[in-house]
Amino acid sequence: NISRAFQLGNHNKIKIAYSNDSFELWYLLHFNYYDATIHRNDIIKKLDGLVPGGYEKNSKNMYSFLRGNDDEEGEKQKDAIRNAKNLEKIHDPRDKLNNNPSTTVYKLVEALNQLIEP
């Protein structure tokens, strides 16, 4: 159904932000660059070791944790955007289903940042 979702999105001029193998890849890219195929369970295990107290899906604290303190505000996000763009360079844009790891969540984040930046 993912292929159909992309077809419908293209037909209706809707851009889709996605992560392969899971959304948590976007979180993981805040800490390191990963370009080897990775399963969602392994992403969670890695996040578990990086997030104080362990990673919990749908945690209300994740945004503030990724945002960092005043000294590093936005740095992790910049790292994640850079890492996601580097991943995009090594994958075939026509083969979204097999591009693992990959994410275009950074495009959504950049668009949102433009709305809130002065």
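Residues numbered from 1 in each chain as written. Predicted model: local features only at pLDDT ≥ 70, side-chain atom pairs only at ≥ 80, totals over all residues. Heavy atoms only, no water.

### Things to note about the overall build of the protein chain
To keep things clear, this is the line we draw: Per the convention used, a helix needs a DSSP run of H or I reaching at least four residues, while a strand needs a run of E reaching at least two, with both numbered from the N terminus. Throughout, radius of gyration means the C-alpha value; the globule benchmark is 2.2 Å times the number of residues raised to the power 0.38. Any residue under 20% of the maximum accessible area for its type is buried, any over 50% is exposed, and the rest in between are partly exposed; the area is computed with a 1.4 Å probe on protein chains only. In this description, contact between two residues means that some pair of their heavy atoms is separated by no more than 4.5 Å. Note on areas: these come from Shrake-Rupley sampling with a 1.4 Å probe, and a residue is covered only by the protein chains present in the view.
Across its full length, the protein chain holds six helices and two strands. In terms of C-alpha radius of gyration, the protein chain reaches 15 Å, essentially the compact-globule figure of 13 Å for 118 residues. By residue count, 33% of the 118 residues in the protein chain fall in the buried class. Of the contacts made within the protein chain by residues no fewer than 6 positions apart, 59% connect residues no fewer than 24 positions apart. Carbon together with sulfur atoms contributes 49% to the accessible area of the protein chain, which is approximately 8300 Å² in total.

### Description of the pattern of salt bridges
The cut-off we apply is this: In the sections that follow, a salt bridge refers to a side-chain nitrogen of Lys or Arg positioned within 4 Å of a carboxyl oxygen of Asp or Glu.
The final tally for this structure, using the stated rule, is six salt bridges. Glutamate 75 serves as the salt-bridge partner of lysine 78, at 3.4 Å between the closest nitrogen and oxygen. Of this pair, lysine 78 and glutamate 75 both sit in helix α5 (residues 75-89), separated by three residues, roughly a single helical turn. Among the salt bridges present, the one from arginine 82 reaches aspartate 79, with a minimum N-O distance of 3.2 Å. On the criterion of helical spacing, the pair formed by arginine 82 and aspartate 79 is a turn pair, its members being three residues apart in helix α5.

### Overview of the confidence of the model for the protein chain
Which entries qualify depends on this criterion: Each residue gets a pLDDT score, which is the predictor's confidence in that residue and runs from 0 to 100.
Overall, the prediction assigns the protein chain a mean pLDDT of 88, with 94% of residues at 70 or greater. Of all secondary-structure elements in the protein chain, the lowest mean pLDDT belongs to helix α4 (residues 62-67), at 85, while helix α2 (residues 24-28) reaches the highest, 95.

### Quick look at the side chain of serine 19
What counts, and what does not: Residues adjacent in sequence count toward polar contacts only when both atoms are side-chain atoms; beyond that, a polar contact is any pair of N or O atoms within 3.5 Å, and within protein one must be able to donate a hydrogen and the other to accept it.
Inspection of the secondary structure assignment puts serine 19 in strand β1 (residues 19-20). Owing to a relative accessible area of 18%, serine 19 belongs among the buried residues under this scheme. A distance of 2.6 Å separates polar atoms of two side chains, one belonging to serine 19 and the other to threonine 103. The residues touching serine 19, leaving out its near neighbours within four places in the chain, are Trp26, Ser102, Thr103 and Val105.

### Considering the side chain of serine 22
The residue serine 22 is located in the loop between β1 and α2 in this model. Not counting residues up to four positions away in its chain, the partners in contact with serine 22 are Arg40 and Ile43.

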